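Examining the three-dimensional arrangement
Residues per chain are reported as follows:
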Amino acid sequence: MAAAKRISDEPAFVLHSYDWSESSLILEVFCRRQGRVALVAKGAKKPTSNFRPVLLPLQPLLLTYSPAGDGSADIHTLKGAEWVGGHVMPTGDALLSGMYLNELLLRLLARADPHAALFDVYAGVVRVLASEHGDALEPVLRSFELLLLREIGLLPSLDVQTMTLAPLHAGTRYALVPEGGLRTASSSDRAGLLGSQWQALQHALDDETASYTATLRACAPVATELKPQLRAVLQYHCGSPTLRTRQLMIDLQAL
């Protein structure tokens, strides 16, 4: 069987890393053309390693790696890593938000399943996180959550009720819930949006020329109400009541 082709200059971000040996790391990376990939960075923990200052999360990279053996192995071998530059590491709440997004990608994306459009959105979100635009943080996160759920087929249509496919009424409140999708809001629902607001979100998601920008604008006035609804849906699909973002923060500090 022919050896698998070497991947060169692949745009990527490190999502997470963990120890593989005394001197090496296993990396989970999000690549633009290859999707989520696991790599072994041999010798990356050595003080003299060229990898050491480069393999950081929330930094745009160009990676070169070789598939192991016949290409069927899950973990490939990192051969080169170059920092693309363009922004500094996010700090404070923006850093925690970036770690949260990384955990979502780790939990919800299958290995070797490319999502180039989502990669571009993620890269744009990371630039915002690094720019200290605090007022834009919530709309940016809500936009990414919506686009992620849509990209992997877990977001119901937001212009009809999910179970009945009945059209939404502009002045009626509806709630997005994990098991039932979009339905009429009840007094027990923590949050909800007007039918007109859900329709505006769907219209933005359908914008083929600027989906991210349009979704960001549509999220801005409703970000607070969207937050608990999207978080509940995401946690449901992640299969865990609590995401481990805090642990990822600890891992980052240990790099």
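Preceding this section is the structure that the text describes.
Attention in this report is confined to the structure presented alongside it. Quick caveat: nothing in here was measured; it's all calculated off a predicted structure. (Residues numbered from 1 in each chain as written. Predicted model: local features only at pLDDT ≥ 70, side-chain atom pairs only at ≥ 80, totals over all residues. Heavy atoms only, no water.)

Quick notes on the environment of valine 128
Mapping valine 128 onto the fold places it in helix α2 (residues 116–130). Sequence-wise, valine 128 and proline 90 are 38 residues apart; in three dimensions their C-alpha atoms are separated by 8.9 Å. Ignoring sequence-local partners within four residues, the contact set of valine 128 consists of His133, Ala136, Val140 and Tyr212. (Helix = DSSP H or I, 4+ residues; strand = E, 2+ residues; numbered from the N terminus. Contact = heavy atoms within 4.5 Å.)

Notes on the sheet that holds strand β7 (residues 181–184)
The three strands are arranged β7-β6-β8 in an open sheet whose pairing can be described as antiparallel. Among the strands making up the open sheet, the edge pair consists of β7 and β8 (193–194). Pairing of strand β6 (residues 173–177) with β7, which is carried by four bridges, proceeds in the antiparallel orientation. Considered in β7, the bridge of alanine 175 is made with arginine 183. On the sheet, helix α6 (residues 223–238) packs against β6 and β8 and is oriented at approximately 30° with respect to β6. (Pairing = 2+ DSSP bridges. Axes fitted to C-alpha atoms, helices over the stretch in contact; angles between N-to-C directions.)

Some details on helix α3 (residues 137–151)
Helix length check: α3 (15 residues) gives 21 Å between terminal C-alpha atoms against 21 Å at 1.5 Å per residue, within 8%. Most of α3 is tucked away: 12 of the 15 residues are buried. Listed as buried for α3 are Leu137, Pro139, Val140, Leu141, Arg142, Ser143, Phe144, Glu145, Leu146, Leu147, Leu148 and Leu149. Downstream of α3 by a residue or two, glycine 153 has a phi angle that is positive, lying close to 80°. (Expected span 1.5 Å × (residues − 1). Buried < 20%, exposed > 50% of the residue type's maximum accessible area, 1.4 Å probe, protein only.)

A few points about the packing of aromatic side chains
Across all of its chains, the model carries five aromatic pairs by this definition. The ring of tyrosine 100 carries the charged tip of arginine 231 above its face, separated from the ring centre by 4.2 Å. (Phe/Tyr/Trp six-rings, centres within 6.5 Å; stacked < 30°, edge-to-face > 60°. Lys NZ or Arg CZ within 6 Å of the ring centre and 35° of its normal.)

Points about unusual backbone geometry
Unlike most non-glycine residues, leucine 58 shows phi in positive territory, near 65°. Along the chain, leucine 58 falls in the loop between β3 (35–41) and β4 (61–66).

Looking at helix α5 (residues 211–219)
For α5, the full list of buried residues reads Ser211, Tyr212, Ala214, Thr215, Ala218 and Cys219. Burial along α5 is one-sided: seen end-on, the buried residues are contained in an arc of 165°. At its buried positions, α5 is contacted by α2, α3, α4 (195–205) and α6. (Arc of directions from axis to C-beta.)

Quick notes on the packing of α3 against α5
Where α3 meets α5, the closest approach of the two axes is 8 Å, and the angle between their N-to-C directions is 125°. Taken together, the axes of α3 and α5 are oblique relative to one another. The handedness of the crossing between α3 and α5 is right-handed. Residues Pro139, Val140, Arg142, Ser143, Leu146, Leu147 and Arg150 of α3 pack against Ser211, Tyr212, Thr215, Leu216 and Cys219 of α5. Of the residues belonging to the contact of α3 with α5, the class tally is seven nonpolar, three polar and two charged. (Parallel < 35°, antiparallel > 145°, perpendicular 65-115°, else oblique. Left-handed = near helix turned anticlockwise from the far one by under 90°. Nonpolar A, V, L, I, M, F, W, Y, C, P; charged D, E, K, R; others polar.)

Observations regarding the nonpolar core
Most often, soluble globular proteins have nonpolar side chains that are buried together. One finds Tyr122 and Trp198 to be the most contacted residues of the largest nonpolar core, which totals 52 residues. Elements with a contribution of two residues or more to this core: β1 (7–19), α1 (92–108), α2, α3, β6, α4, α5 and α6. If sequence neighbours within four positions are ignored, tryptophan 198 has contacts with Leu158, Leu168, Tyr174, Ala175, Leu176, Leu182, Leu193, Leu226 and Gln229. Listed in part, the 18 residues of the second largest apolar core include Cys31, Val37, Leu55 and Tyr65. (Core = buried A, V, L, I, M, F, W, Y, C linked by side-chain atoms within 4.5 Å.)

Points about the side chain of glutamine 161
By the element assignment, glutamine 161 lies in the loop between α3 and β6. Contact partners of glutamine 161, with chain neighbours within four places excluded, come to Ala166, Pro167, Leu168, Tyr174, Leu182, Arg183 and Thr184.

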